[in-house]
2 protein chains.
Amino acid sequence: MSEPIEVRRRLHEENDRRAAQLREQFNAAGTLVVDMVSSPGSGKTTLLELTVDYFADSLSTAVLVGDVATERDAQRIREAGGPAHQIITGGACHLDAHLVADGLESADFDLPDILFLENVGNLVCPASYDLGEDFKAVLLSVPEGDDKPLKFPAIFSRAAVCLITKSDLLPHLPFSPEDAVRHVNLLNPDSVILQMSAMNGDGFEEWCNLLEREHQAKRAALV
Amino acid sequence: MSEPIEVRRRLHEENDRRAAQLREQFNAAGTLVVDMVSSPGSGKTTLLELTVDYFADSLSTAVLVGDVATERDAQRIREAGGPAHQIITGGACHLDAHLVADGLESADFDLPDILFLENVGNLVCPASYDLGEDFKAVLLSVPEGDDKPLKFPAIFSRAAVCLITKSDLLPHLPFSPEDAVRHVNLLNPDSVILQMSAMNGDGFEEWCNLLEREHQAKRAALV
């Protein structure tokens, strides 16, 4: 069955071309773009609600939300005060550059200082798609287990930032933060790893500082 | 881009043909086959370790484990006393009937009374692949949130059994079992829903009884 491989290669090439155009557009606007990837229920939307609220008075933010079904997550972001546009992928288990480009055209906001792409909840396929982002951030929630980086190596190798979320549950679960960090570093020695909890605020300031620094660096490159 | 859709349709047809052959083979052997689907880290392997151990003296069991990478889960099942064979999917985010057929050929066990297919951790694509199973069981762990059925409707519509796992974490998380059941039933009014915890044994007996009943029904149909 050589056609599917050939078709997949061509689809990836088309995706990469579209992603390169998006990256030019984002760079020209000085927009920092972060592709957020995780399993379902790892806390992407909750983290984005808090992040959008944190920057409300300093930087403009917006979220493109990818889901197989429902407008629920975009609604949650809007209720938290951020512009958000929902991309319904239909059966697709990941965002691609075409979906992002179409989403931006339909969205009722201009390119902000920081644009978050909230990918479909899935640790496999989102790893292989360039969306024109500056970096991918992968979330690993404590209930998922510290072995997940080894089981889903592509995304943990490619994500520049790894957020260990729901750290407030550490007392209740057999999760070793040291093992998780070791597993991520085996795949990606340069990964920036933050331990976080939306319940008690653990790590949130570091996350926002990181975004602010990256946004400033992007703006500096623009001048 | 009509080719990918055409290619996908053909791939699904080929899958369904292979799955029908597998189903005949399973029926002839009186083997009950359960396709276990969930997000990464929802507790599939832990549940299978306990299940394999529970049936050790009464029924033969075996597990075909699908993962993108690592032999880790099959090792865990073997340590729990069950025959297990690991299928490494390479990039694929789901098992298909061809992978299952190849896995069975390479496995060092005969068809048992109950065969578990532990799918790749992913709530999207496994929903669309028939593996010749008697039924799919979808796991929804409490940390993932009670909204996940609505966000991943295909698998919750198609799975005859829904296991709400990690119920011991209910006191620590904003998860409403009533809402979860309501969401599942909206999609699938006939779904058998069990609330479970590997930590305190909640629901485990019901799960094993269900498997035993289904296996007996399958054997009865054989005679």
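Predicted model only: the values in this text are computed from it and were never measured.

Draft legend 1. How the structure looks around the overall build of chain A. A tally of regular secondary structure across chain A gives eight helices and seven strands. Taking 223 residues into account, the globule formula puts the C-alpha radius of gyration at 17 Å, and chain A, at 17 Å, falls close to it. Once the C-alpha set of chain A is aligned to its principal axes, its extents read approximately 55 × 45 × 35 Å. Expressed as a percentage of the 223 residues in chain A, the buried residues total 56%. Partitioning the contacts of chain A with sequence separation of at least 6, the portion at a separation of at least 24 is 74%. Put simply, chain A shows about 9000 Å² of open surface, and 50% of that area lies on carbon and sulfur atoms. Here chain A holds 19 positive side-chain charges and 36 negative ones, and the gap between their average locations is 5 Å.

Draft legend 2. Representation of the side chain of Lys151 of chain B. Looking at the element boundaries, Lys151 of chain B is found in helix α5 (residues 148-151). Sequence-distant contacts of Lys151 of chain B, that is, excluding residues within four places in its chain, are made with Asp67, Val68, Ala69, Thr70 and Asp73 of chain A.

Draft legend 3. Just the relation of the copies chain A and chain B, in detail. In the superposition of chain A on chain B (RMSD 0.0 Å, axial shift 0.0 Å), the rotation amounts to 180°. Overall, the copies show the geometry of a two-fold rotation axis. Comparing contact sets, 97% of the residues at the interface of chain A also lie at the interface in chain B, consistent with an isologous, same-surface contact.

Draft legend 4. Broad picture of the environment of Asp147 of chain A. Inspection of the secondary structure puts Asp147 of chain A in the loop between β5 (135-141) and α5 (148-151). Among residues more than four places away in sequence, those in contact with Asp147 of chain A are His183 of chain A together with Arg72 of chain B. A polar contact is formed between the side chain of Asp147 of chain A and the side chain of Arg72 of chain B, at a distance of 2.8 Å.

Draft legend 5. The arrangement of helix α4 (residues 97-106) of chain B in detail. Residue and element names in this part refer to chain B. Among the residues of α4, Ala97, Val100, Ala101, Gly103 and Leu104 are the ones counted as buried. Mapping the buried residues of α4 onto a view down its axis gives an arc of 160°, with all of them on the same face. Exposed side of α4, more than 90 degrees from the buried face: Glu105 and Ser106 are the residues found there. Residue Asp96 occupies the N-cap position of α4, its side-chain oxygen lying 3.0 Å from the main-chain nitrogen of His98.

Draft legend 6. View of the pattern of salt bridges. Summed over all chains, the structure comprises 30 salt bridges over all chains. A salt bridge links Asp73 of chain A to Lys151 of chain B; its shortest N-O distance comes to 2.5 Å. Here Lys151 of chain B lies in helix α5 and Asp73 of chain A lies in helix α3 (residues 72-79), a pairing that spans two chains. Comparing Asp73 of chain A with Lys151 of chain B shows no difference in burial state: the two are buried. For Lys136 of chain A, the salt bridge goes to Glu133 of chain A, with nearest N and O atoms at 3.1 Å. The exposure class of Lys136 of chain A is buried, given its relative accessible area of 6%. Residue Glu133 of chain A is classed as buried on the basis of its relative accessible area, which comes to 8%. In this structure, a network of salt bridges that share partners links the residues Glu6, Arg9 and Glu13 of chain A.

Draft legend 7. Main features of unusual backbone geometry. Residue and element names in this part refer to chain A. Backbone geometry at Lys166 places phi at a positive 60°, although glycine is not the residue there. Mapped onto the elements of the fold, Lys166 is located in the loop between β6 (161-165) and α7 (177-187). Looking at Lys166, the relative accessible area reads 15%, which means it is buried.

Draft legend 8. Representation of the sheet that holds strand β4 (residues 114-118) of chain B within the structure. Residue and element names in this part refer to chain B. One open sheet holds the seven strands; their spatial order is β3-β2-β4-β1-β5-β6-β7, and the pairing between them is parallel. Either end of the sheet is taken by a strand with one partner, and the two such strands are β3 (84-88) and β7 (192-195). For this sheet, the mean angle separating the axes of adjacent strands, direction not counted, is 20°. Sheet topology places strand β2 (residues 61-67) next to β3; five bridges connect them, and they run parallel. Bridge pairing in β3 places Gly66 opposite Ile87. In the packing of helix α2 (residues 44-54) onto the sheet, the strands contacted are β1 (32-37), β2, β4, β5 (135-141) and β6 (161-165), and the crossing angle to β4 comes to about 165°. Docked against the sheet, helix α7 (residues 177-187) engages β5, β6 and β7, running at close to 160° with respect to β7.

Draft legend 9. Local environment of empty space enclosed by the protein. Inspection of the entire model under this criterion finds one cavity of 30 Å³ or more. Its boundaries defined by the atoms lining it, the largest cavity holds a volume of some 60 Å³. Every residue lining the largest cavity is counted, 14 residues in all, and those nearest its centre are Ser141 and Glu144 of chain A together with Pro40, Ser141 and Glu144 of chain B.

Rules of the game
- Residues numbered from 1 in each chain as written.
- Chains lettered and ligands numbered in written order.
- Predicted model: local features only at pLDDT ≥ 70, side-chain atom pairs only at ≥ 80, totals over all residues.
- Heavy atoms only, no water.
- Helix = DSSP H or I, 4+ residues; strand = E, 2+ residues; numbered from the N terminus.
- Rg over C-alpha atoms; globule rule 2.2 N^0.38 Å.
- Buried < 20%, exposed > 50% of the residue type's maximum accessible area, 1.4 Å probe, protein only.
- Contact = heavy atoms within 4.5 Å.
- Areas by Shrake-Rupley, 256 points an atom, 1.4 Å probe, with all protein chains shown as cover.
- Lys, Arg positive; Asp, Glu negative; His and termini not counted.
- Charge placed at Lys NZ, Arg CZ, Asp CG, Glu CD.
- Least-squares fit on C-alpha atoms with pLDDT ≥ 70 in both.
- Polar contact = N/O pair within 3.5 Å; in protein donor to acceptor, adjacent residues only side chain to side chain.
- Arc of directions from axis to C-beta.
- Salt bridge = Lys/Arg side-chain N within 4 Å of Asp/Glu carboxyl O.
- Pairing = 2+ DSSP bridges.
- Axes fitted to C-alpha atoms, helices over the stretch in contact; angles between N-to-C directions.
- 1 Å grid on protein atoms, 1.4 Å probe; cavity = no way out; pocket = protein on both sides within 12 Å on 5 of 7 lines; lining within 4 Å.
- Points joined across faces, edges and corners; volume = space filled by probe spheres on them.

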